[in-house]
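Structural overview for review
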Amino acid sequence: MILPTPRAILFDWDNTLVDSWALIHHAMTATFEALGQRPWTLEETRQNVRKSARDSFPELFGERAEEATAVFYRTYEADHLKQLRALPGAAEMLQALAAADDLLLGVVSNKRASLLRLEAAELGWDRYFGPLVGATDAEKDKPAREVVDFALAGTGIAPGPEVWFVGDTDIDILCASNSGCTAVLVRAEAPAEGEFGNLPLGGHVSDCRAFAQLTLSALEIGKVEQQIRDFS
């Protein structure tokens, strides 16, 4: 795959950099039970959890959305730092990419912003990132373009193909499309035919180690191309 040389990489957080499906599922189960609804199976959680609580809970719980939000976050916050697990190769990937010249790393997540920053600090990863953007930081949450504009504000980098938006679900691909960025899917399963409709997908890799290789190769190619332009 041939991708534009990145100036910035914006990562999704949950299940792109950290393994959090079990935590999210536990909190969703507690929320459904507290409100007298049938809990989702783990597979249903994996299929349905995309939007921020601000956007999804009114759809799920109607007038009791505020109560549901309180239950969810109370349950999630109880032990999320103890249960926090980096995905294989994520730490090494971030260390390698942070050492690259002129490459901005950031996070755009639909996780509550305060929790996102706590988790990044717990892993010692906050030093790698410029923007760490969570739900409600921007006027609108992912997949809206506003969240990418917010993340890049003040960086001197505008949304566009040289900004890679990296995630594991359709909402990440949609957010990339909405903001004009290059979408890169990172997950073990290759995208199914027609899975993302007409949304452009810049590439797919299976895991963080493969993504590090892809990015470093793209950066090296970019250096060579720049040298050729300078020589010409």
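Refer to the preceding data block for the structure.
None of the values given here were measured: they were computed from a predicted structure.

Rules used throughout
Residues numbered from 1 in each chain as written. Predicted model: local features only at pLDDT ≥ 70, side-chain atom pairs only at ≥ 80, totals over all residues. Heavy atoms only, no water. Core = buried A, V, L, I, M, F, W, Y, C linked by side-chain atoms within 4.5 Å. Buried < 20%, exposed > 50% of the residue type's maximum accessible area, 1.4 Å probe, protein only. Helix = DSSP H or I, 4+ residues; strand = E, 2+ residues; numbered from the N terminus. Salt bridge = Lys/Arg side-chain N within 4 Å of Asp/Glu carboxyl O. Disulfide = S-S within 2.5 Å.

If you look at the biggest cluster of nonpolar residues, it comprises 33 residues, and the most contacted ones within it are Phe11, Phe129 and Phe211. For this core, the secondary-structure elements that each account for two or more residues are strand 1 (8-11), helix 5 (90-98), strand 2 (104-112), helix 6 (113-123), strand 4 (163-167), strand 5 (182-186) and helix 9 (208-231). Core analysis: the next-biggest nonpolar cluster, separate from the first, contains 20 residues, Ala8, Leu104, Val133 and Val147 among them.

Counted according to the given criterion, the structure contains 14 salt bridges. The partner of arginine 112 in a salt bridge is glutamate 77, with the nearest N and O atoms 3.6 Å apart. Of this pair, arginine 112 sits in strand 2 while glutamate 77 sits in helix 4 (residues 65-83); the two residues are 35 residues apart in sequence, bridging distant segments of the chain. Among the ionic pairs, lysine 142 bridges to aspartate 172, the shortest N-O distance being 2.8 Å. Of this pair, lysine 142 sits in the loop between strand 3 (132-135) and helix 7 (145-152) while aspartate 172 sits in helix 8 (residues 170-179), placing them 30 residues apart in sequence. As far as the burial class goes, lysine 142 and aspartate 172 line up, both buried.

Disulfide: a covalent bond formed between the sulfur atoms of two cysteine residues. Summed over the entire model, instances satisfying the criterion amount to zero disulfides. With no disulfide of its own, cysteine 175 lies 7.5 Å from the sulfur of cysteine 181, the closest cysteine sulfur. Given the relative accessible area of 0%, cysteine 175 is considered buried.

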